[in-house]
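The primary structure of each chain is shown beneath.
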Amino acid sequence: MPGAAALLQRLRGLSGLGGPLPCAVAFSGGLDSTVLLHLMCRIRAAHPRQLQLRALHVDHGLQPAAANFRRFCQRTARQWRVPLTVLRPRVQVPRGGSVEEAARRARRNALAAALCPGELLLTAQHADDQLETVLLALLRGAGPRGLAGMPARMALGEGWLLRPLLDVERSSIAALAREEGLDWVEDPSNADPRFDRNYLRASVLPALRARWPSLATTVARSARHCA
């Protein structure tokens, strides 16, 4: 798990910027984004002149727990003295379409529209997310572009989307959260096996990891080759 100095260096490498970094963390209140925001607050404390920090929370309103997520993020942002903007996009599901995909698209569009010119949107996708993304692409019969998984940097709106934790496994993120005594919220929809990613995470990956413990690292290498 990168410390504050290593994460700042990684952000500079991904952004190509030498001056103060204008950063907006996509903050859902879950484990991963809570740890990312916590690390960014560490950077701000250690290097206050090198970082401009705020957080963005997307409230789809698709489940009863959404209000609890929003309140947790607002409370945590106040406690950590991070300006927070709550975005409330409308989710429109086409006939026969996926609610999960429609919500993801609405979230991406809302975050893109909220970025200032040149601002860096930081998301907390990690090595396990990349593993799931590549395997799902493989099951869809994707070519090299799909099997490349998620890029660490891509243009988004008037700014850039950066994924600084893409080579960090979730176990390391969880270990840091426990060490720091952090609180976060659990999304109950993450346990719903109707969604392909959840099924893969709960029913398939444990058996694969038992046989091939370095699975995430190996698949990430394949994704880089495809990219």
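Thresholds applied
- Residues numbered from 1 in each chain as written.
- Predicted model: local features only at pLDDT ≥ 70, side-chain atom pairs only at ≥ 80, totals over all residues.
- Heavy atoms only, no water.
- Helix = DSSP H or I, 4+ residues; strand = E, 2+ residues; numbered from the N terminus.
- Expected span 1.5 Å × (residues − 1).
- Buried < 20%, exposed > 50% of the residue type's maximum accessible area, 1.4 Å probe, protein only.
- Arc of directions from axis to C-beta.
- Contact = heavy atoms within 4.5 Å.
- Axes fitted to C-alpha atoms, helices over the stretch in contact; angles between N-to-C directions.
- Left-handed = near helix turned anticlockwise from the far one by under 90°.
- Nonpolar A, V, L, I, M, F, W, Y, C, P; charged D, E, K, R; others polar.
- Core = buried A, V, L, I, M, F, W, Y, C linked by side-chain atoms within 4.5 Å.
- pLDDT = per-residue confidence, 0-100.
- Phe/Tyr/Trp six-rings, centres within 6.5 Å; stacked < 30°, edge-to-face > 60°.
- 1 Å grid on protein atoms, 1.4 Å probe; cavity = no way out; pocket = protein on both sides within 12 Å on 5 of 7 lines; lining within 4 Å.
- Points joined across faces, edges and corners; volume = space filled by probe spheres on them.
- Salt bridge = Lys/Arg side-chain N within 4 Å of Asp/Glu carboxyl O.
- Polar contact = N/O pair within 3.5 Å; in protein donor to acceptor, adjacent residues only side chain to side chain.

(A) Structural view of helix α1 (residues 4–15). Taking 1.5 Å of rise per residue, the 12 residues of α1 would be expected to cover 16 Å, and the 16 Å separating its terminal C-alpha atoms lies within 8% of that figure. Burial in α1 covers these residues: Ala-4, Leu-7, Leu-8, Leu-11, Arg-12, Leu-14 and Ser-15. Buried residues along α1 cover an arc of 165° about the axis, so they all sit on one side. Counted as exposed and oriented over 90 degrees from the buried face of α1: Ala-5, Gln-9 and Gly-13. Along its buried surface, α1 packs onto β1 (21–26), α2 (31–46), β4 (120–122), β5 (153–156) and β6 (159–162).

(B) Representation of the packing of α2 against helix α7 (residues 170–180). Packing of α2 against α7 leaves a shortest axis separation of 10 Å and a crossing angle of 65°. For α2 against α7, the interelement crossing comes out left-handed. Judged by residue contacts, Leu-31, Asp-32, Val-35, His-38, Leu-39 and Arg-42 of α2 engage Arg-170, Ile-173, Ala-174, Leu-176, Ala-177 and Glu-180 from α7. Residues of the contact of α2 with α7, tallied by class, amount to seven nonpolar, one polar and four charged.

(C) Just unusual backbone geometry, in detail. In this structure, Arg-81 is a non-glycine residue whose phi angle is positive, near 60°. Within the fold, Arg-81 resides in the loop between α3 (66–80) and β3 (84–87).

(D) Region of the structure containing the nonpolar core. Formed by 38 residues in total, the largest nonpolar core has its most connected members in Met-40, Leu-53 and Leu-122. Elements represented by at least two residues in this core include exactly α1, β1, α2, β2 (51–58), α3, β4 and α7. Residue contributions to this core peak at eight residues, all from α2. Those residues in contact with Leu-53, other than ones at most four positions away along the chain, are Cys-23, Val-25, Leu-37, Met-40, Cys-41, Arg-44, Val-82 and Pro-83.

(E) Representation of the confidence of the model for the protein within the structure. Of all residues in the protein, 99% have pLDDT values of 70 or greater, and the mean over the chain is 91. The weakest mean pLDDT in the protein belongs to helix α4 (residues 99–114) at 86; the strongest belongs to β4 at 98.

(F) Fine view of the packing of aromatic side chains. Summed over all chains, the structure comprises one aromatic pair. When the ring of Phe-27 is compared with that of Phe-72, the centres are 6.5 Å apart and the planes differ by 50°; the resulting orientation is tilted. Of this pair, Phe-27 sits in the loop between β1 and α2 while Phe-72 sits in helix α3, and the two are 45 residues apart along the sequence. Taken as a pair, Phe-27 and Phe-72 share a single burial class, namely buried.

(G) Structural context of the layout of surface pockets. The volume enclosed by the second largest pocket comes to roughly 180 Å³. Residue lining of the second largest pocket: His-38, Phe-72, Arg-75, Thr-76, Gln-79, Trp-80, Glu-180, Gly-181, Leu-182 and Asp-183, and that is the complete set. If you tally residues by element for the lining of the second largest pocket, the top one is α3, at five residues. A breakdown of the residues in the lining of the second largest pocket according to their chemical character gives three nonpolar, four polar and three charged.

(H) Seen up close, the pattern of salt bridges. One pass over the full model with this rule turns up eight salt bridges. Ionic pairing is found between Glu-132 and Arg-201, a salt bridge with its closest N-O pair at 2.9 Å. Within this pair, whereas Glu-132 is found in helix α5 (residues 127–139), its partner Arg-201 is found in helix α8 (residues 196–211), the two being separated by 69 residues in sequence. Members of the salt-bridge network, linked through shared partners, are Glu-132, Arg-197 and Arg-201.

(I) Highlighting the side chain of Arg-54. If you trace the backbone, Arg-54 turns up in strand β2. Engagement of the side chain of Arg-54 in a polar contact is seen with the backbone oxygen of Ala-114, the distance being 2.8 Å. Of the polar contacts made by the side chain of Arg-54, one reaches the side chain of Glu-119; its length is 2.8 Å.

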